[in-house]
Structure formats: C-alpha cells, structure tokens
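# Analysis of the macromolecular model
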Amino acid sequence: MKVRSLKLREAHKSINGNNDNNPSLCSVLWDQQAHHLVTASSSDPSISIHDPLIPSNPPKILRHHRDGVTALALSPNSTCLASGSIDHSVKLYKFPSGEFETNVTRFTLPIRALAFNKSGSMVAAAGDDEGIKLINTIDGSIARVLKGHKGPVTGLAFDPINEYLATVDSVGTVLFWELQSGGILHTLKSVAPNNISDTSFMNVVSWSPDGETLAVPGLRNDVVMYDRDTAEKLFSLRGDHVQPVCYLSWSPNGKYMATSGLDRQILIWDVDKKQDIDRQKFEDRISGMAWKPIGNVLAVIDVMGKYGLWELVVPSSMKSPTEDIPSLKNSNGVLLFDEEDPEPSTSGGLSEFAEDILCESEPSCRKRLRKQSESEDPDEDIDDELNLLPKTETRKKVHRASKDNLDKGNGLRNTVTPAWLKMQEAFQPGATPPQRGKRRFLCYNMLGTITTVENDGYSHIEIDFHDTGRGPRLPSMTDYFGFTMASLNENGSVFANPCKGEKNMSTLMYRPFSSWANNSEWSMRFEGEEVKVVALGNAWVAAITSLNFLRIYTDGGLQRHIISLDGPVATASGFKNQLAVVTHVSDCLPSIDQMLEFRVFDISSGTQALTGRLPLTPGSHLIWFGFSEEGQLSSYDSKGVLRVFTSQYGGSWLPVFSASKEKKSDESYWVVGLNASKLFCISYKSPDKFPQVIPKPVLSLLNLSFPVASSDLGADALENEFILNSMHLSQIQKRMEDMAGACLDTTALDDEAFNMEATQDRCILRLIASCCNGDKLVRATELMKLLSLEKSMKGAIKLVTALKLPNLAERFNTILEERLVNESKGTHKSPLLSFNGHASLTADDAAISKMMVTSNGKNEKPESSIGFSSPTLSAPLFIKKENKQEHEKSDQNQTTNAKTSMEPSYAEKVKSAENVLRVGDVKMTGQVLKVQSQRLSYPSLKSSNNQETTKKDPDQLAAPLRPSNPFKKAPN
C-alpha cells in the first residue's frame, strides 16, 4: 500500500504560548456546498472559517468565547453555526457571515458535544454537567433535559430519521434515547474506551447516512456497528489500529468510513467488505475529520491545531464516496412546516416539542393527511395513514414496534439491555492497558515484571526480576509482532499477540531463560483464531484461543493436548503442575453480574482437579486471578474483594480481604500476589486506573482480613484472627492429605500444624477473656470446647477463676474432664490399622474430635459442622511432637519390616495408655504441659491409689489418635 505525506497548515494556536506542545481537542466541519471549512480548538477561543479553494487566503475569525472552543455543529442547510466552549456557553451564529446571534444556553461546566437534528430546529448540547439539553433554535427555549449518564457526555448524534438520539460518555457507556418520549431505549455499558483522564480524546458516535447503523469506537482498537432498533452488535471494523480509535466519520454515501486512532494514523474502510483500503500516518494524533459533501476529499485536523485536505481518499477504481447517496424516508428539508404553518410557534412547550418530533418522524404525505383530516373519523385516519406508510420496514422494526405496544399496554417501557454487551473480555493477569508513548506492563507477578514500549513499527520488551541476586540481567528483546500479553515464571517467559488483519496472524512465542541446547526458543502461528490468554507452569505452556481451544505445549514446543472449553475464556493462570482457567458460563444476568466458572487442571497427570462457579461481588467483574505463594487459588474483583479457594464445606471461596474497609477514598489497589497472611499490591490514586511503569511502583503489603461484622464484644480483630487461623489449619490438613497420599514425609507439616494449633489456642484464650469481660459466658463455653491443648484448657480455667467466675470455672473443669475421659475411651476403642496404614474410625472416635489424622496424614472423616448444644463438642487434637530420645529407644528393637514392627509397637502403646488413663479414675493436677523446642513433656497423672505413674512417651498417650507411621524412616 502506498504511503503518502499530507501537508498540514496551522489553523489554531494555544492561548498560552508556553503550552503549544500540549494536545488539544480540535474540530473541523464542511458546509453543505463545500464552499467553507470551519475549524476550532479547545486551546483557542476563536473559530476560523476557511476558504478551501484558496487556502492562502486568511480565514474569517469569530471571537466571541472567553475560553477554548470544544465543540462545533452546523445545521443541515448550513445557515446556522453552533459552538460550545470551556467557558460553559453555547452560542449561535449566522453562516457563512459569522454574525453572532445569541447565547442559546449556559452550563455550569465545560461543553463537550453539540449536534443538530435533521431539520435544524433543535440542537442538543452536553458536557461535564449532568444532563443533555435539547434546545429549540427558534426561540432558545429548552424543550427537555435528558439524564442518564454517569460521566461527562462526549458525543451526540441525531439519527437521520429523527427518531433517536445516540449519546456516549467518557466512561464508554452508550445510550439510545427515544425523542418522542425522552426515555432510554437501550443502554450499552462500557462498550467504548474509557477516556475520562484525557480531554484531548473524546468518545464519539455516528449514524450511517441511511440511519440503520450506529458506529462506536470499540475496546479492541476497532469500530463496532450496532443495529438502529435493537442495539445488537452487527459487526466490527478491526485492522491495523494498535491503539483505540479516537474519531470516525462516514462518507456521504455510507460505503466508506475514515477512522483515526491514538496511534496517529487514519484508516479508510470499505464498510461492506470490512477491509481497510488506504491509510495515512501523521506526526500528531488526528482529533477531527470531515468528508467533503461533493468530492473525494477528507478534511483532517490534528491535536496541535493544524489542518489539511486529503485528496483522492478513495481510489479512482472504486465507487466515489458521493455516489448513490441513500434517500431517507422523511427527508423533507429544513422548511418542513413553512407550507402549512406560516406562523411557527415560539412557545417551546413540551407538548409542541413532542408534536414537532412526531411530525418529523413521519413522511410528508402522512403529515399533510393527518392535518387535513383532523375533524374526520379517527379510525379512517388510521387506516389511511397505514396505507400511506412506507413498505420498507424491516422485520426487526416490526418486531420492536409490536413489543413496544405490549410494553405500553402494561405501563412499561422496553429497557432490556442486550446481555452480551456486558460480557467481560478476556484479560491477562498482571497486565496493564496500552498507553501511547508510555511503557506498560505485559506481566507483573511475585517473581518479576515484563514491560514493553512501542517505538516506530516495533516494541522494546524488558524482563526484570524482583530479586536482583538471581543472576545477570536478561537482555532486552525487540518485538516485531506487537505482543500484548505475557506470562513469567522461574524457567522462562511466554508472549502472544492478537490478530491484526489478515497479514498479521496471532503468534505464540516461548523463551526459556536457560537451556542446554541452542535455539531452544520456539513460536507458533494461528490461522483463523487468535490467542486470548497465556499461562506457564512446570515444563508446560498453555494458550487459550478465540475458538475456545485450550492448547498445551511442553517447554520444548511439543504440542501435547488440545482441549475444547465450554465457554469463552475470561482469564487463566498457572502454578507448578496446575493450570486454572476461568470461562463464561452464559451471558450476563440483567443485574450485570458475570456468570463465570473455573477449572483447575493437573497437567502432569492429565486430570481435572477442581471445577465450580467463580463468585463475584454483585455488579463487579474479575480483574485478577492466580495462585498464592502456597498454591491457593485466588481471585480479586472490581469491587475490591479478594477470595481464596478452600476445601472446607466441600470446596468454597472465602473472602479474605475487602478494599472498602482498607483503602482511602481516592485510593485503589492493583493486585500482584499474596501469601498465607499478606496481600501484595500496588496502591494508586484516582483518576489513574492502573499503575505506571515509571516511576517504578512500590509494593504495599496489606494484612488479610475477613469482612467480619461488628461484634458486640468489640473484638473484631480477634474474631478475624480466629477465622484466619481456622482457614490456615484447614489448608495445612489438606496439604498433609496430599503429601500422605503421595507417600511423602509429613513431619514438617506436623510441626507447622502444632505451631498453628498453639497460635489458635492463644487467640481463643484472648477471646474467652473478652467474653468474660462482656458477660457472654455461653460464648466463652463454646470457645473452651475449641481449645486443642490441655495446657490451654487449664490456662482457661485459671483465667476464669482469677476473674471470680466460679460457675464458669466449674463448667470449664467439666469440659476438661470430659476431654480426658473421651481420650481414655478412645484408647480402649483403638482403631485397627490396615496394611496401607489407614485407620477405621468408629462413631465414638468421631465424637472425640472433628477429625483424626492417620499415619499417612489423611482425614478419615470430614470436618463436621459445630453443634453448640452437643456435649461432645471438641476441637481437633493435632499431632503432638515426639520425644526424640524416647522414640530412639523404642525404635531400637524394630525390624526392617514396617508391617510386623508396627503391630507390637502399637499394641504396647495401647496397653500403656490403658494403664494410665482409665474411665472414672482421672484426676486433675496443677501441672501443665511444657512445650520445648522439639519436645513435649506430659504432666504426671495420679492413679486412684494416689501414686504417681511414671512419665510416658507422648506417642503412647496419643496412640489412639496417631498410630505410628509405617512408612516413616527410623532415625539413625
């Protein structure tokens, strides 16, 4: 494709000479006969009217605003010019003389958009204020104010048939208004780019000349076409724009479209073929364009106030942009009512406004018939009008009309929003959106970052690790593919880019950090599909594509698996052998809630470990998804709620952090990762939506905290700690089960579980103290039953005794005695071990504790829910640490056969425990457990004859709960 250079000439300068290099919002318009060209700039209070035939002639200058001009509009017959400004005013001029007529209205904030209706009898004005004003141009009266947008309105467009008004705001929401009633027909949320932070870039909407299609800049550097009546997506124009589209303009016949992007280029599209036919690169971003009404010329103006004319925009071999201009069903001209209403009303009332709109939406013959037969029978009028209506109504319009009639019969308005419009697009965890001329993150995780910045035709990618001691810095990479997503782990990095037209297919590339072989880097190209999300793990690479294919490769590039997912992908993340994928289950609910499902695949074994629905806060969407440092699946939504997956209750998501309780009013968090107790994130302030690469962001560490309700004890922090500890204990148990299932040594986890158990007991003791101070004795009793260590239970008895609560102390004593009795019963009813080391638990054993840990660490009974009235309520008794010296003595006589040596050892322990703990003979002493670094000393227990028994091996006392592990290696 040939590259041409278009020379631009200066039309506007900034008010302040020091700000000449700042981009401004500039506008350009043609008049109906193409005799004049009008330009304006948001940095210049003047309006220029140029002679396009003789550009060297000085333009006519209109100086009536006190600040920059942000919007221009010209009536269809080119007799009235409207301008809006930062000075909050809307002014009308005669055209082309430029004579000032009136200040038609004022706002309290800057104006951003203006538009005339088809007849020129009304102008719509909007901006940073709440509400869109519909103003009668005859007398300047405000006919109606339309309210519905949540942000500044930046684009307005009356449809050519004069039934609807389309508007768009800076947060990307598009509304379809019905002019006759002033109601909202359709709401398209977040379908256009969010540009609230850049006033030189405004979202726009534009109707096709035949009024059947509305064009809106899309979120994927494209232009999306929506149906006029149903607001359904028809198709999109997507090509070589690498940044969002900032302006668009239809050719007079609607066959072509010009789009300008933040990437400083203009593309010319054949709309029917959905292909770009020409393009032009500029030094600065083009903020305004206008097709010449008669001729193959496009007028452009950039953000620096320089304008020019692009001659021969459409190749001469193709149809001219002014050929076969569509005729509208009610193109009646500006003097629509002059023939029958020589004295137009100037009252500007709402009833007359509605009458004007109704008349303008009907064919002229129908209007005459209705006015001439006002005294005739209404039924005959209706029949005659129906006979005279155009016969070209589409099936969609007829369906919508019948549905509207049904809604009106029920007193309701059809406000159903197409659900697909709100379905969340796929995103890469840890990536930030592209920014023109700025470096952005392709990946930011707990290991390091991948950043990229676009240069002229290529990008520059750098990989940095948080731990600078890993080794030498990795060399930077030149990217000619335009990668937009990446993932990083200890072994390498993977990159991918979406499709950019037919010439640039989607590419997946993997780069290992080290390899024994040369040329270990590899890439894959996809034809007919594009990569949406990538993920990395131990010796595998995954890519999810637009065809809902999950493609899994080895780190050497071997294509191992291709799996069809049952919905469009939202995101994915990898951790060691696990790959977690989030997909859409269905369209969104009417409440804008996303319907998402997660799956966890074990790549090494080829199994699906987990699956289920992904919970989100109502009205939110997913913005981060991944694994914690310990491998816990986690998610973070746009409402600031962090959740982790736990095996409790058959697999549930627990909300472990809420940004609303942590952040300041203008502060937001961008999640990087988390561990068992901390959230690693980057905090940024409004109006930023994500962190910047430069200056280097600083990680913030926030404590995980459940969103607990305000307690009547005032001990919210303690209750939160209690729930967190319970969750951590559950996670440790699950890890012990997994390790035991793989026949791995769980000694380290035994120690971790015991330490967590002791920490939980300390928290419970503080909660008991709070309950006693708050006179919540029933709650204190419940907490007593949740203590795990005998030492802690005796400490609780001493605590309530010191607080002079004898009744509660007596209850605590009873609970401790029941605990010891239950332990002794468990000794008599010792479980029999099978060959594989699993214990068979009886019903009485289940009453002793909520779960028992067998020699291989597996729970034989799932954790039961707490019944507060049950006398057998007790906390789980975790594995106590062994006395290594006693264990060495007891292991001296063991043989190499684990099975035969296990049986006498276990029987001896049972017998010893039976002699020590007997039902009815247990008495309390003042001695307590003393926990030392690697040893647990049990207190001496007195028998019924008041003689102290000798100290026993703790393994013997814990024998009913923890039989010896036959797979554990004996110490040397």
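Cut-offs applied
Residues numbered from 1 in each chain as written. Predicted model: local features only at pLDDT ≥ 70, side-chain atom pairs only at ≥ 80, totals over all residues. Heavy atoms only, no water. Helix = DSSP H or I, 4+ residues; strand = E, 2+ residues; numbered from the N terminus. Buried < 20%, exposed > 50% of the residue type's maximum accessible area, 1.4 Å probe, protein only. Contact = heavy atoms within 4.5 Å. Areas by Shrake-Rupley, 256 points an atom, 1.4 Å probe, with all protein chains shown as cover. Pairing = 2+ DSSP bridges. Axes fitted to C-alpha atoms, helices over the stretch in contact; angles between N-to-C directions. Parallel < 35°, antiparallel > 145°, perpendicular 65-115°, else oblique. Left-handed = near helix turned anticlockwise from the far one by under 90°. Nonpolar A, V, L, I, M, F, W, Y, C, P; charged D, E, K, R; others polar. Expected span 1.5 Å × (residues − 1). Core = buried A, V, L, I, M, F, W, Y, C linked by side-chain atoms within 4.5 Å. Salt bridge = Lys/Arg side-chain N within 4 Å of Asp/Glu carboxyl O. Polar contact = N/O pair within 3.5 Å; in protein donor to acceptor, adjacent residues only side chain to side chain. pLDDT = per-residue confidence, 0-100. Disulfide = S-S within 2.5 Å. Phe/Tyr/Trp six-rings, centres within 6.5 Å; stacked < 30°, edge-to-face > 60°. Lys NZ or Arg CZ within 6 Å of the ring centre and 35° of its normal.

### Brief notes about the overall build of the protein chain
Summing up its helical and strand segments, the protein chain has 13 helices and 53 strands in all. When burial is assessed residue by residue, the protein chain has 51% of its 972 residues classed as buried. Within the protein chain, counting contacts between residues at least 6 apart in sequence, those at least 24 apart form 50% of the total. Carbon and sulfur atoms make up 50% of the accessible area of the protein chain, which totals about 45,400 Å².

### Quick notes on the sheet that holds strand β7 (residues 80-85)
Ordered by their spatial adjacency, four strands build an open sheet running β6-β7-β8-β9, and the pairing between neighbours is antiparallel. The open sheet is flanked by β6 (69-74) and β9 (100-106), the only strands paired with a single partner. Across the sheet, the axes of successive neighbouring strands diverge by a mean angle of 20 degrees, strand direction being ignored. Examined bridge by bridge, β6 and β7 share five bridges and lie antiparallel to one another.

### Points about the packing of helix α5 (residues 716-741) against helix α6 (residues 747-773)
Across the interface, α5 lies against α6 with an axial gap of 10 Å and an inter-helix angle of 160 degrees. Comparing their axes, α6 and α5 come out roughly antiparallel. For α5 against α6, the interelement crossing comes out left-handed. Each residue belonging to the contact of α5 with α6 can be placed in one class, and the counts come to 12 nonpolar, six polar and seven charged.

### Observations concerning the side chain of Glu 667
In this structure, Glu 667 sits in strand β49 (residues 667-674). You can call Glu 667 buried: its relative accessible area is 14%. Ignoring any residue separated from it by four or fewer positions in sequence, one finds Glu 667 in contact with Ser 683, Tyr 684 and Lys 685.

### Considering α5
An ideal rise of 1.5 Å per residue puts 38 Å on 26 residues; α5 measures up with 38 Å between its terminal C-alpha atoms. A positive phi of about 60 degrees marks Cys 743, the residue just after α5.

### Thoughts on the nonpolar core
Core analysis: the biggest nonpolar cluster contains 24 residues, and Ile 768, Leu 783, Met 784, Leu 787 and Phe 812 have the highest contact counts within it. Listed in part, the 19 residues of the second largest apolar core include Val 644, Phe 657, Cys 681 and Leu 704.

### Here's the deal with the pattern of salt bridges
Scanning the entire structure with this criterion turns up 23 salt bridges. Put simply, Arg 551 and Glu 529 hold a salt bridge, and the shortest N to O gap is 2.6 Å. Separated by 22 residues along the polypeptide, Arg 551 in strand β39 (residues 549-554) and Glu 529 in the loop between β36 (522-526) and β37 (531-537) bring together distant segments of the chain. Here the two residues Arg 551 and Glu 529 agree in accessibility, since each one is buried. In this structure, Arg 766 engages Glu 721 in a salt bridge whose closest nitrogen and oxygen atoms are separated by 2.9 Å.

### Side note on the sheet that holds strand β3 (residues 37-41)
Across the sheet, which stays open at both edges, the four strands sit in the order β2-β3-β4-β5 with antiparallel pairing between neighbours. The open sheet has two edge strands with one neighbour each: β2 (26-30) and β5 (60-63). Recorded for the sheet is a direction-independent mean angle of 20 degrees between the axes of neighbouring strands. With five bridges joining them, β2 and β3 adopt antiparallel strand pairing. Pairing of Cys 26 across the sheet is with Ser 41, part of β3.

### Regarding the side chain of Ser 788
Looking at where Ser 788 falls in the secondary structure, it is placed in the loop between α7 (777-785) and α8 (790-802). A polar atom in the side chain of Ser 788 sits 3.2 Å from the side chain of Glu 757.

### Here we look at the packing of α6 against α8
For the pair α6 and α8, the least separation of the axes is 10 Å and the interaxial angle reads 20 degrees. Judged by the angle between their axes, α6 and α8 are roughly parallel. When the axes of α6 and α8 are compared, the crossing they make is right-handed. Residues Asp 761, Leu 765, Ile 768, Ala 769 and Cys 772 of α6 form the contact with α8, whose participating residues are Ser 792, Gly 795, Ala 796, Leu 799 and Val 800.

### Comments concerning the pairing of strand β34 (residues 492-497)
Consecutive residues of a regular strand have side chains that alternate between opposite faces of the sheet. Of all six residues in β34, six are buried; the element is thus mostly enclosed. On β34, burial covers both faces: Gly 492, Val 494 and Ala 496 on one face and Ser 493, Phe 495 and Asn 497 on the other are all buried. Here strand β33 (residues 485-488) pairs with β34 via four bridges, running antiparallel. Residue pairing for β34: Ser 487 is matched across the bridge by Val 494. Counted between consecutive antiparallel strands, the loop separating β33 from β34 contains three residues. Two elements, β34 and strand β35 (residues 506-512), share six bridges in a ladder whose sense is antiparallel. Its bridge partner lying in β35, Asn 497 is registered against Thr 507.

### Regarding unusual backbone geometry
The linkage connecting Phe 95 with the following residue, Pro 96, adopts the cis geometry, with an omega of 15 degrees. Here Pro 96 shows up in the loop between β8 (89-94) and β9. Cis geometry marks the peptide bond from Ile 694 to Pro 695; its omega dihedral reads 0 degrees. Assignment of secondary structure puts Pro 695 in the loop between β50 (678-685) and β51 (700-703). At Leu 312, a position not held by glycine, the phi torsion is positive, near 50 degrees.

### Looking at the pairing of strand β30 (residues 448-454)
Judged by how many residues are buried, β30 sits mostly within the fold: six of seven residues are covered. Two elements, strand β29 (residues 440-444) and β30, share four bridges in a ladder whose sense is antiparallel. Residue pairing in the sheet places Tyr 444 in a bridge with Thr 449 of β30. Between β29 and the antiparallel strand that follows it, β30, lie three residues. Across seven bridges, β30 lies against strand β31 (residues 459-465) in antiparallel orientation. What sits directly across from Val 453, in β31, is His 460.

### Structural notes on the environment of Ser 792
The residue Ser 792 is located in helix α8 in this model. Looking at Ser 792, the relative accessible area reads 9%, which means it is buried. When the C-alpha positions of Ser 792 and Arg 762 are compared, they lie 7.7 Å apart, and in sequence the two are 30 residues distant. Look past the residues within four positions of Ser 792 in its chain and what remains in contact with it is Asp 761, Leu 765 and Leu 787.

### What to know about the confidence of the model for the protein chain
Confidence in the prediction for the protein chain averages 77 pLDDT; 73% of positions are at 70 or higher. Within the model, the stretch residues 329-421 combines pLDDT values under 50 with 121 contacts to residues more than four positions away or in other chains. Segment residues 827-972: pLDDT under 50, and 218 contacts once partners within four positions in sequence are set aside and those in other chains are kept.

### Concerning the state of the cysteines
Going through the model one piece at a time under the given rule, you end up with zero disulfides. Residue Cys 771 stays outside any disulfide, its sulfur separated by 6.9 Å from that of Cys 772, the closest cysteine. Using a relative accessible area of 0% as the deciding quantity, one classes Cys 771 as buried.

### Things to note about the packing of aromatic side chains
Summed over the entire model, instances satisfying the criterion amount to 16 aromatic pairs. Centre to centre, the rings of Phe 465 and Phe 513 are 5.4 Å apart; their planes meet at 85 degrees, and the pair counts as edge-to-face. Residue Phe 465 is located in strand β31, and its partner Phe 513 is located in the loop between β35 and β36; the two are separated by 48 residues in the primary sequence. When its relative accessible area of 22% is taken as the criterion, Phe 513 is described as partly exposed. Each ring, one from Phe 657 and one from Tyr 669, has its centre 6.2 Å from the other, and the planes form 65 degrees; the classification is edge-to-face. Note that Phe 657 is positioned in strand β48 (residues 652-658) and Tyr 669 in strand β49, a separation of 12 residues in sequence. Across the pair, exposure class does not vary: Phe 657 and Tyr 669 are buried alike. Over the ring of Phe 107 we find Lys 133; its NZ or CZ atom is 4.3 Å from the centre of that ring.

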